[in-house]
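Summary of structural features
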Amino acid sequence: MSNKMWGGRFGEGPDAIMEEINVSIDVDRHLYAQDIAASKAHAAMLSAQGIITASDAKNIARGLDTILSEIDKGSFDFKRALEDIHMNVESRLGELIGPASGRLHTARSRNDQVATDFRLYVRDTIDEIDASLAAFQHALVTRALEHAGTVMPGFTHLQTAQPVTFGHHLLAYVEMAARDRGRFADARKRLNESPLGAAALAGTSFPIDRNATAKALGFIRPMANSLDAVSDRDFVLETLAAATIASVHLSRFAEEIVIWTSPLVGLVRLSDKFTSGSSIMPQKRNPDAAELVRAKTGRVIGALTGLLIVMKGLPLAYQKDMQEDKQGAMEAFGALSLAVRAMTGMVLDIVPDEAKMKAAAGEGYATATDLADWLVRTLKMPFRDAHHVTGRIVGAASGQGVPLHELPLKDMQAIEPKITREALSVLSVEASVKSRVSYGGTAPKNVAAQAKAWLKRLEKQRKLG
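So, how was this worked out
- Within each chain, residues carry numbers counting from 1 in the order of the written sequence.
- Totals for whole chains, interfaces and linings use every residue, but because this is a predicted model, local features are given only for residues with pLDDT of at least 70 and side-chain atom pairs only at 80 or more, for both listing and counting.
- The side-chain numbers reported here are obtained from all heavy atoms of the structure, hydrogens and water having been left aside.
- Here, axes are lines fitted to C-alpha atoms. For helices the fit covers the stretch in contact, and angles between N-to-C directions go from 0 to 180 degrees.
- To qualify as a helix, a DSSP run of H or I must reach at least 4 residues; to qualify as a strand, a run of E must reach at least 2; elements of each kind are numbered from the N terminus.
- Every angle not falling under 35 degrees, over 145, or within 65 to 115 is termed oblique; those three ranges are roughly parallel, roughly antiparallel and roughly perpendicular.
- Crossing handedness follows the turn of the near helix against the far one: under a right angle anticlockwise gives a left-handed crossing, and clockwise gives a right-handed one.
- Contacts are assigned to residue pairs with any non-hydrogen atoms lying within 4.5 Å of each other.
- Three classes are used: nonpolar for Ala, Val, Leu, Ile, Met, Phe, Trp, Tyr, Cys and Pro, charged for Asp, Glu, Lys and Arg, and polar for all others, with Gly counted as polar.
- Here, nonpolar core refers to any group of buried Ala, Val, Leu, Ile, Met, Phe, Trp, Tyr and Cys residues whose side-chain atoms link them within 4.5 Å.
- Relative accessibility under 20% of the residue-type maximum defines a buried residue, over 50% an exposed one, and the middle range a partly exposed one, all with a 1.4 Å probe and only protein chains included.
- The arc under discussion is defined with respect to the helix axis, by the directions toward the C-beta atoms.
- Paired rings are identified among Phe, Tyr and Trp, the last through its six-membered ring, by centres lying within 6.5 Å, and are further divided according to the angle between planes into stacked (under 30 degrees), edge-to-face (over 60) and tilted (the rest).
- Either the NZ atom of lysine or the CZ atom of arginine qualifies as a charge over a ring when it sits within 6 Å of the ring centre and within 35 degrees of the ring normal.

What about the packing of helix α6 (residues 110–146) against helix α18 (residues 444–464)?
Running from N to C, α6 and α18 cross one another at 150°; their axes reach a closest spacing of 9 Å. Taken together, α6 and α18 sit at an angle that is classed as roughly antiparallel. The element α6 and its partner α18 pack so that their crossing is left-handed. Touching Ala134, Gln137, His138, Val141, Thr142, Ala144 and Leu145 of α6 are Val447, Ala448, Ala451, Lys452, Trp454, Leu455 and Leu458, all from α18. Per-class residue counts for the contact of α6 with α18 are ten nonpolar, three polar and one charged.

Pasting the structure below:
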């Protein structure tokens, strides 16, 4: 038997395999709230335009509210034979209110319906992710202020480079998260146009009011081209791109936590809340939460790549290929949301080993640049000459197996006679970080000021909603 919702043209039902490949209710059932909201807005507009009666519109709205309640309570019977969320809702509406339910689909198609539903879903998802990222930033800023003066090694090439502070390191991720939030906000702004009323692809001959439905659903305006309205999936791609970059940022931080918690490094500790043990080795404490955050990035990148491949060869307008736009995206957004919350928890949980951090910050002749800068500043030496002199002094210290600040002054003067004891005062890790007062530098007073500014900014954003 053909589908009664669209099967008038068909004389027999689909093959079982066709039914299986065509069904989408297992995925698009997650759009139920958006689908019902859009249907209520559409019915109200049809009534206001005199296309359906006010009585029918009232019954439709009442029936849709009942369906929403049933789904929320878990008592709704989703039927795979009805293919998708739209037909499941419409079929149940018919059971509840009778023939009037058939008027709901006037002047619309499943094409503009699903495009509208998914835009609403992605918009809601962006708002949720933004709130999670804001909480992540707040956790980072709070810990950064706490550790504005906690010295740790800064790295390039994963080699000790120059001393920085732990607070400064944490604030780097605050800045990344701010850019992530900006990308999501930009994506939200561009997606916030309504496809509803574009119908199948060409618009409709009914005197609908697309501005009214757009306003009712919180869109800025209706989309201007009906072909574009039903076939565009840029809004998903752009949001997935923002999610991908955010996931990469989280993965980089997770990788650092994995490295830092290794006993070979031991710069920080995580509690039992964010670690797990081994089934065979009782001594193990594994940073599994960080490792899983790192791994989930692949899921998000894969969703973006997968949808780009789906879309790359599709002519206008709607194609059934687009049914594959949801599952990967929904899983990716869920993975990102979970990863953000996990990283927020780890930021609040992490305990730096301040003594070990400070000791590590001085290893590898990390204050060599400070000596070169002293030569430039005090002896007016060209930086390239100062770099060369400092390199020779580092070589001498390395040859004797001593830290730079413990190399005897006479040995330094053997390389550069004009060096004075004053130079030794810049070679401690505390002096090094304290001197980095340029805007954006790691000086503790800079870090504290930046952290306090971020707290005010985040509070202002919170109040603005």
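Re the nonpolar core
Core analysis: the largest hydrophobic core is formed by 71 residues, its most contacted members being Phe118, Phe136, Phe184, Leu240, Phe253, Met343 and Met346. Sorting elements by how many residues they give to this core places helix α10 (residues 234–261) first, with 13 residues. Residues within four places of Met343 in sequence aside, it is in contact with Phe136, Leu250, Phe253, Ala254, Ile257 and Val293. Core analysis: the next-biggest nonpolar cluster, separate from the first, contains 23 residues, Val23, Met45, Ile67 and Ile97 among them.

A closer look at the environment of Val447
Considering the arrangement of structural elements, one finds Val447 in helix α18. Separated by 277 residues in the primary sequence, Val447 and Leu170 have C-alpha atoms spaced 9.8 Å apart. With residues up to four places along the chain from it excluded, the contact list for Val447 reads Ala144, Ala148, Thr165, Gly167, His168, Leu171, Gly441 and Thr442.

What to know about helix α13 (residues 354–361)
Every buried residue belonging to α13 is among Met357, Ala360 and Ala361, and all of these are buried. Along the axis of α13, the buried positions cluster into a sector of 100°, meaning they face one direction only.

With respect to the packing of aromatic side chains
The description of two aromatic rings rests on the distance between their centres and on the angle between their planes. On inspection of all chains with the given rule, the structure shows five aromatic pairs. On the basis of an interplanar angle of 75° and a centroid distance of 5.9 Å, the ring pair of Phe118 and Phe235 is categorised as edge-to-face. Here Phe118 is found in helix α6, whereas its partner Phe235 is found in helix α10, with 117 residues between them in sequence. In terms of burial, Phe118 and Phe235 fall into one category: buried. One Lys or Arg, Arg123, reaches over the ring of Phe219 and ends 5.0 Å from the middle of that ring. The ring of Phe118 is capped by Lys326, whose NZ or CZ atom sits 5.7 Å from the centre of that ring.

Distances and angles like these do not, on their own, reveal function.
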